[in-house]
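Chains, contacts and geometry: an overview
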Amino acid sequence: MKKQFKLGIIGCGFMGSAILKGVVDSEFIRAKKIIVSDTDEQKLDKIGEEYGVCVSDDNKFVAENCEYLLLAVKPQTFGDVAKSLEGVCPQKVISIMAGVKKAAIKNSFGVGLIKVARCMPNLPCAAGFGMMGVDMSDYNKNTDDTDFVSNLFGCLGQVLSVPEDKLDAVTGISGSGPAYTFIFIDSLIDAGVKQGLTRDEAKLLAMQTVWGSCSMLMEDDRPLSELIMSVCSKGGTTIEAVKVFEENNFRGIISDAVAACVKRSKELSE
């Protein structure tokens, strides 16, 4: 039986709202074909008014009346959400919950044949420049389903299809990666201020440099090692800074930080 809504979203916090905004702004799905539920009634009213989507405080109604159900709640609240959906058997589920495996989601419903796609989005989704690692292997037999999931997250940035066992690594690189990048930029700004720049001057220099470097990397096929050396003239200024990075094990620090993040992601899924 055809569902009333194409997409149902349970949970409209920061990431849920970012996904909703991207989908509505891109017109990938008409607003009237989307329904959203949340525990915050004021937030629901605001969302309904701002985006023109349907809203409800009844999770079960949302799940029963949508073709694709997006779970955009925090992992620690999923137990309560699952209880609110007792007796419902959604056929197509999409989850952005960190650390909650597909098997756990399926077991929580306990009935029927449920397909689950898992996605690890990141903060820049809110600006349309996100990076999403998505496992949609449950949907592989139906190109309409895989196209839907790809296009849904494509409204927010780039999509990389990966098996579920790689999502912890995705979390360590792109899911948490914006925080590492912000730390690096903030450190560049602080260093610039120490060298006599105003904070605004240092911020502009740091942000544009990082943005420009990434933009160049998108267009340039040369290996990163070659690009690094193209800035490091022998006896010049850059090579002195690079020496300090190497002497202080900059690469090792990054590797250890990512490993700690991945370890925690795996712990959350156990």
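Overview of the structure. (Residues numbered from 1 in each chain as written. Predicted model: local features only at pLDDT ≥ 70, side-chain atom pairs only at ≥ 80, totals over all residues. Heavy atoms only, no water.)

Some words on the packing of aromatic side chains
- If you walk through the whole model with that rule in mind, you get four aromatic pairs.
- Ring centres of Phe 28 and Phe 148 lie 5.5 Å apart, and the angle between their planes is 40°; this geometry places the pair in the tilted category. Of this pair, Phe 28 sits in the loop between α1 (14-26) and β2 (34-37) while Phe 148 sits in helix α6 (residues 143-154), and the two are 120 residues apart along the sequence.
- Geometrically, the ring pair formed by Phe 245 and Phe 250 is tilted, given 4.7 Å between the ring centres and 45° between the ring planes.
- Here Phe 245 falls in the partly exposed class, since its relative accessible area comes to 38%.
- The exposure class assigned to Phe 250 is partly exposed, which follows from its relative accessible area of 34%.
- These aromatic residues form a ring-pair network of at least three members: Phe 28, Tyr 68 and Phe 148. (Phe/Tyr/Trp six-rings, centres within 6.5 Å; stacked < 30°, edge-to-face > 60°. Helix = DSSP H or I, 4+ residues; strand = E, 2+ residues; numbered from the N terminus. Buried < 20%, exposed > 50% of the residue type's maximum accessible area, 1.4 Å probe, protein only.)

Concerning the side chain of Asn 65
- Its location among the elements puts Asn 65 in the loop between α3 (59-64) and β4 (66-71).
- Residue classification places Asn 65 among the buried residues on the basis of a relative accessible area of 19%.
- Setting aside residues no more than four positions away along its own chain, Asn 65 makes contact with Lys 3, Gln 4 and Phe 5. (Contact = heavy atoms within 4.5 Å.)

Considerations on the pattern of salt bridges
- Under the criterion given, the structure shown has 15 salt bridges.
- A salt bridge links Arg 118 to Glu 164; the shortest N-O distance between them is 3.0 Å. Here the residue Arg 118 occupies a position in strand β6 (residues 115-120), and Glu 164 occupies one in the loop between β8 (157-161) and α7 (167-175), the gap between them amounting to 46 residues.
- Assessed through its relative accessible area of 7%, Arg 118 is described here as buried.
- Judged by its relative accessible area of 21%, Glu 164 is partly exposed.
- One salt bridge connects Glu 267 with Lys 263, and the closest N-O pair in it is separated by 2.7 Å. In this pair, Glu 267 and Lys 263 are both assigned in helix α12 (residues 250-268), four residues apart and thus about one turn of the helix distant. (Salt bridge = Lys/Arg side-chain N within 4 Å of Asp/Glu carboxyl O.)

Considering the environment of Leu 268
- Relative to the helices and strands, Leu 268 is located in helix α12.
- Note: C-alpha distance between Leu 268 and Pro 75 (193 residues apart in sequence) is 8.8 Å.

With respect to the nonpolar core
- Residues Leu 20, Ile 34, Ile 94 and Phe 153 are the most contacted members of the largest nonpolar core, which totals 33 residues.
- Sorting the residues of this core by element identifies β1 (5-10), α1, β2, α2 (41-51), β4, β6, β7 (130-135) and α6 as the ones contributing at least two each.
- In this structure Leu 20 touches Ile 9, Cys 12, Ile 34, Val 36, Ile 47, Tyr 51 and Val 53, once residues within four positions along its chain are discounted.
- Counting 21 residues, the second largest nonpolar core, distinct from the first, contains Ile 35, Ala 63, Ile 105 and Phe 109. (Core = buried A, V, L, I, M, F, W, Y, C linked by side-chain atoms within 4.5 Å.)

Observations concerning the pairing of β2
- On β2, burial covers both faces: Ile 34 and Val 36 on one face and Ile 35 and Ser 37 on the other are all buried.
- Where β1 meets β2, four bridges bridge the pair, whose relative direction is parallel. Bridging from a neighbouring strand, Leu 7 pairs with Ile 34 of β2.
- In this sheet, strand β3 (residues 54-56) lies alongside β2 in parallel orientation, the contact comprising three bridges. Looking at the pairing, Ser 37 lines up with Ser 56 of β3.
- Taking the sense of rotation as the criterion, the β-α-β connection linking β2, α2 and β3 turns out right-handed. (Pairing = 2+ DSSP bridges. Right-handed = clockwise from strand over helix to strand, strands pointing away.)

Quick look at the sheet that holds β3
- Taking strand neighbours across the sheet as the criterion, the eight strands line up as β3-β2-β1-β4-β5-β6-β7-β8 in an open arrangement whose pairing is mixed. The open sheet has two free edges, formed respectively by β3 and β8, since each of these has just one partner strand. Across the sheet, the mean angle from the axis of one strand to that of its neighbour is 25°, orientation sign disregarded.
- With three bridges connecting them, β4 and strand β5 (residues 92-95) associate as parallel partners. (Axes fitted to C-alpha atoms, helices over the stretch in contact; angles between N-to-C directions.)

Focus: a negative patch on the surface
- A cluster of like negative charges, contributed by Asp 40, Glu 41, Asp 45, Glu 49, Glu 50, Asp 57, Asp 58 and Glu 64, occupies part of the molecular surface.
- The element that contributes the greatest number of residues to the negative patch is α2, accounting for four residues.
- Considering the arrangement of structural elements, one finds Asp 58 in the loop between β3 and α3.
- Residue classification places Asp 58 among the partly exposed positions, given a relative accessible area of 36%. (Patch = residues over 30% accessible without salt bridge, like charges linked within 9 Å, V, L, I, M, F, W, Y side chains within 5 Å. Areas by Shrake-Rupley, 256 points an atom, 1.4 Å probe, with all protein chains shown as cover. Lys, Arg positive; Asp, Glu negative; His and termini not counted. Charge placed at Lys NZ, Arg CZ, Asp CG, Glu CD.)

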